[in-house]
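These are the residues of each chain, in order.
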Amino acid sequence: MIQLINIDKTFQFNDKTVEAVKEVNLTIKDGEIFGIIGYSGAGKSTLVRCINLLERPTAGEVIIDDVDLMKLSEKELRSKRKEIGMIFQQFNLFASRTVYKNVEYALRKNGLSKVERKKQVEELLDLVELGDKAEAYPSQLSGGQKQRVAIARALASHPKILLCDEATSALDPQTTDSILKLLKALNQKLGITVILITHEMQVIKEICNRVAVMENGRVVEEGEVFSIFASPTKPITKDFIDTTSNLSKIHRLIEEDAQVVKIEPGQCIVKFKYLVRSSSEALVSHISRQYKVDVNIIFGNIELIGSEPLGGLVAILSGEARSIEEALNYLKEKNVGVEVIRDARDSKQLVS
């Protein structure tokens, strides 16, 4: 549905050229929830504004439904933009207008009668579960309710695409969860394509089908969310994933020489990470029985990405050195990532 081809965007500041977006190529499918993640200054917000030409790319093509927006006249572009709704971090509501009037404002040029506008506003407010707040003012609403009003307003033109620029960044975790559930429900009910800009990997994990990771204006990694979480290739992606998992804590514990990571001769500390959809298998029980290896789990992180389990464990393994090695090799054959973090096994036994 959406193709971004060789997108560049540069800005001029005091005779200095700033390259905000560099040679970005993305294809976003009809009806999917696509995430774009990056730290502040990565270029993600600039990129998403290039999709509806709020920021006009310096170079490249923006193709939606086989139409290159860069080649449209201003009148044609205004018409095409009706197919693209947008919500922001700060809601951008009119403080002096009621919830009803905020949503109705988006319908002012649609040629609808007053009765038709009323019916559509009521339907939109019911859709975002704010039917009872029509006469309230933004100051009387919570942050989550304000964002729901902004979503209702963005849906007023029946867009095919909804751009969400850090739409949950100003919200607390519980409210963020409710907004993400709403976006997912709208995606499923209306078939709308959702593009989500964020700096939080937890948000990506909750609802996105695919994700692009941005750094210094470029897309450095892209793929299905499950695959990206299971096997990230770029350091920045690994950093983002570490923010949603406690498995990375083991390295801090090792540095601090914490009591929980002290091991005896013959033992080793290992981090297991599931690389494919196999974490539902009883692999730990199997290696204990098959190879007579004791597995003392320090901590773990198993969760659902979409409907698939993914995660890993950090554990202390005890047993004969060769048995532990055979158990680790078995896990590798089962597509489990194996990282020996601290090792007190006898190296001579391993090669004997």
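Values in this document were obtained by computation on a predicted structure and should not be read as measured data.

Student: I'd like a rundown of empty space enclosed by the protein, residues and numbers included.
Tutor: Taken as a whole and judged by the stated rule, the model has one cavity of 30 Å³ or more. Considering only enclosed or pocket space, the largest cavity measures out at about 50 Å³ in volume. In terms of residue class, the lining of the largest cavity is built from eight nonpolar, no polar and no charged.

Student: Lay out the layout of surface pockets in plain terms, naming residues and giving numbers.
Tutor: Here the largest pocket defines a volume of roughly 890 Å³. Arg81, Ile84, Ala106, Arg108 and Ser157 are the residues nearest the centre of the largest pocket, which is lined by 19 residues in total. Looking at the lining of the largest pocket, the elements with two or more residues in it are helix H2 (74-81), strand S6 (84-88) and helix H5 (143-154). Counting residues per element, the lining of the largest pocket draws most heavily on S6, at four residues. Looking at the lining of the largest pocket residue by residue, the classes come out as eight nonpolar, five polar and six charged. The wall of the second largest pocket is formed by 25 residues, among which Ile241, Asp242, Leu247, Lys271 and Lys273 lie closest to the centre. Within the residue set of the lining of the second largest pocket, elements represented by two or more residues are helix H8 (225-230), helix H9 (235-242), strand S11 (268-274), strand S12 (294-305), strand S13 (308-318) and strand S14 (336-343). Across the lining of the second largest pocket, the residue classes tally to 10 nonpolar, nine polar and six charged.

Student: Outline the packing of H5 against helix H6 (residues 173-190), listing residues and values.
Tutor: For the pair H5 and H6, the least separation of the axes is 10 Å and the interaxial angle reads 20 degrees. In terms of orientation, H5 and H6 fall into the roughly parallel class. The crossing of H5 and H6 is right-handed. Two secondary-structure elements touch here, H5 through Gly144, Gln147, Arg148 and Ile151 and H6 through Thr175, Ser178, Ile179, Leu182, Leu183 and Leu186. Split by residue class, the contact of H5 with H6 holds five nonpolar, four polar and one charged.

Reading guide: rules and limits
- Residues numbered from 1 in each chain as written.
- Predicted model: local features only at pLDDT ≥ 70, side-chain atom pairs only at ≥ 80, totals over all residues.
- Heavy atoms only, no water.
- 1 Å grid on protein atoms, 1.4 Å probe; cavity = no way out; pocket = protein on both sides within 12 Å on 5 of 7 lines; lining within 4 Å.
- Points joined across faces, edges and corners; volume = space filled by probe spheres on them.
- Nonpolar A, V, L, I, M, F, W, Y, C, P; charged D, E, K, R; others polar.
- Helix = DSSP H or I, 4+ residues; strand = E, 2+ residues; numbered from the N terminus.
- Axes fitted to C-alpha atoms, helices over the stretch in contact; angles between N-to-C directions.
- Parallel < 35°, antiparallel > 145°, perpendicular 65-115°, else oblique.
- Left-handed = near helix turned anticlockwise from the far one by under 90°.
- Contact = heavy atoms within 4.5 Å.

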